[in-house]
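Structural overview
Now for the letters of each chain:
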Amino acid sequence: MIVRIMGEGQVKLGDSHVVELNRLDDELLEEMESGDEEGFRRALGALLDAVRRLGTPLPDDALEPSELILPSPDASMDEVREMLSDDGLIPG
């Protein structure tokens, strides 16, 4: 799966990491529902850090279609809310 982090670039992630990313996505949704800005920042950072840690960065000149687009680390809660689907940021 190709994932784009807005403002950073793309990484390639194996499908085996979807379970961990879904867990982090659920934590992010919980923090957003509670309105806890500090918790939201922590959960968003953890999700993006996991994508960076588990994925392999694609070269800057690679133009692969992204299967998943994640917000930038400095995105606001409102910006992230606009990106959410029924499943959160990570489908499944």
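Residues numbered from 1 in each chain as written. Predicted model: local features only at pLDDT ≥ 70, side-chain atom pairs only at ≥ 80, totals over all residues. Heavy atoms only, no water.

**Things to note about the sheet that holds strand β1 (residues 2-5)**
Counted only if it meets this: Here, strands pair whenever DSSP counts at least two bridges between them. The numbering of helices and of strands both runs from the N terminus, where a helix is a DSSP run of H or I of at least 4 residues and a strand a run of E of at least 2. In what follows, residue pairs with any heavy atoms lying within 4.5 Å of each other are defined as contacts. Axis lines are fitted to C-alpha atoms, over the contacting stretch for helices. Their N-to-C directions set the angle, which ranges from 0 to 180 degrees.
The four strands lie next to each other as β3-β2-β1-β4, forming an open sheet whose pairing is mixed. This sheet does not close on itself; its edge strands, each paired only once, are β3 (56-57) and β4 (68-70). Across four bridges, the pairing between β1 and strand β2 (residues 9-12) is antiparallel. Bridging across to β2, V3 finds its partner in V11. Against the sheet, helix α2 (residues 37-54) touches β1, β2, β3 and β4, its axis set at about 130° to β1.

**A word on helix α1 (residues 18-34)**
For clarity, the threshold we go by: Helix span is expected to be 1.5 Å times the residue number reduced by one.
A rise of 1.5 Å per residue sets the reference length of α1, with its 17 residues, at 24 Å; its end C-alpha atoms lie 24 Å apart and thus fit the reference within 8%. Among the structural elements, α2 and α3 (77-83) are those in contact with the buried residues of α1. Residue G35 follows α1 closely and has a positive phi angle near 75°.

**Some words on the packing of α1 against α2**
Note the following rule: What sets the label is the angle itself: under 35 degrees gives roughly parallel, over 145 gives roughly antiparallel, 65 to 115 gives roughly perpendicular, and the rest give oblique. Throughout, a crossing is termed right-handed when the near helix is turned clockwise from the far one, and left-handed when it is turned anticlockwise from it by less than a right angle.
Where α1 meets α2, the axes come as close as 8 Å, and the angle between the chain directions of the two elements is 165°. The angle between α1 and α2 places the two elements in the roughly antiparallel class. At the point where α1 passes α2, the crossing takes the left-handed sense. In contact with E20, L21, L24, D25, E27, L28, E31 and M32 of α1, α2 contributes G39, F40, R42, A43, L44, A46, L47, A50, V51, R53 and L54.

**Section: the environment of M32**
By the element assignment, M32 lies in helix α1. Along the primary structure M32 and Q10 are separated by 22 residues, whereas in three dimensions their C-alpha atoms are 25 Å apart.

**Quick look at the pairing of β2**
Put simply, side chains in a regular strand alternate between the two faces of the sheet. Hairpin connection from β1 to β2: three residues lie between these consecutive antiparallel strands, with G7 at a positive phi of about 85°. Taken together, the two bridges between β2 and β3 define a ladder with antiparallel strand orientation. Bridge pairing in β3 places K12 opposite T56.

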